[in-house]
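# Report on the structure
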Amino acid sequence: AGGAAPPPPPPPPATSSPVQVAEICLDLLLAETERHFMHRDVQNANTSSSDDAKHLQAIGYRVGYALVERCSRGKPRPTDKLDAVKFVCKDFWSAAFGKNVDHLRTNHRGVF
């Protein structure tokens, strides 16, 4: 019975802000990812635990890189070490850890 195809579903409603996920969900996802890579049965896998650690480290690097890109979007590129440290301590740290840097010391010679 070659009837007409049903109409497509309506598009999802537009939102004024991006979808957000509770921080605990991301914490649990990361913990489970780490558990998977660090504790899986190596005998049944084609990779060694060293390869798993390297893969997990690469995932962490990509996530960190993406977070830095997101935090720095629309901001001027740091021109010196002090500007870079300020960015890490103010913008990146609060985005990554949800709090301000506890304490930062310098010897007033460019070493932090």
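Our structure is the block above this text.
The text that follows walks through the structure, step by step, so that each part is easy to find.

The rules behind these values
- Residues numbered from 1 in each chain as written.
- Predicted model: local features only at pLDDT ≥ 70, side-chain atom pairs only at ≥ 80, totals over all residues.
- Heavy atoms only, no water.
- Salt bridge = Lys/Arg side-chain N within 4 Å of Asp/Glu carboxyl O.
- Helix = DSSP H or I, 4+ residues; strand = E, 2+ residues; numbered from the N terminus.
- Buried < 20%, exposed > 50% of the residue type's maximum accessible area, 1.4 Å probe, protein only.

Following the criterion strictly, the structure yields two salt bridges and no others. Here lysine 75 and aspartate 91 are joined by a salt bridge, their closest N and O atoms 3.1 Å apart. Taken together, the residues lysine 75 in the loop between α2 (49-72) and α3 (81-97) and aspartate 91 in helix α3 connect sequence positions 16 residues apart. For lysine 75, a relative accessible area of 41% gives the class partly exposed. Put simply, lysine 99 and aspartate 102 hold a salt bridge, and the shortest N to O gap is 3.5 Å. The exposure class of aspartate 102 is exposed, given its relative accessible area of 64%.

Shape descriptors only; they carry no functional weight alone.
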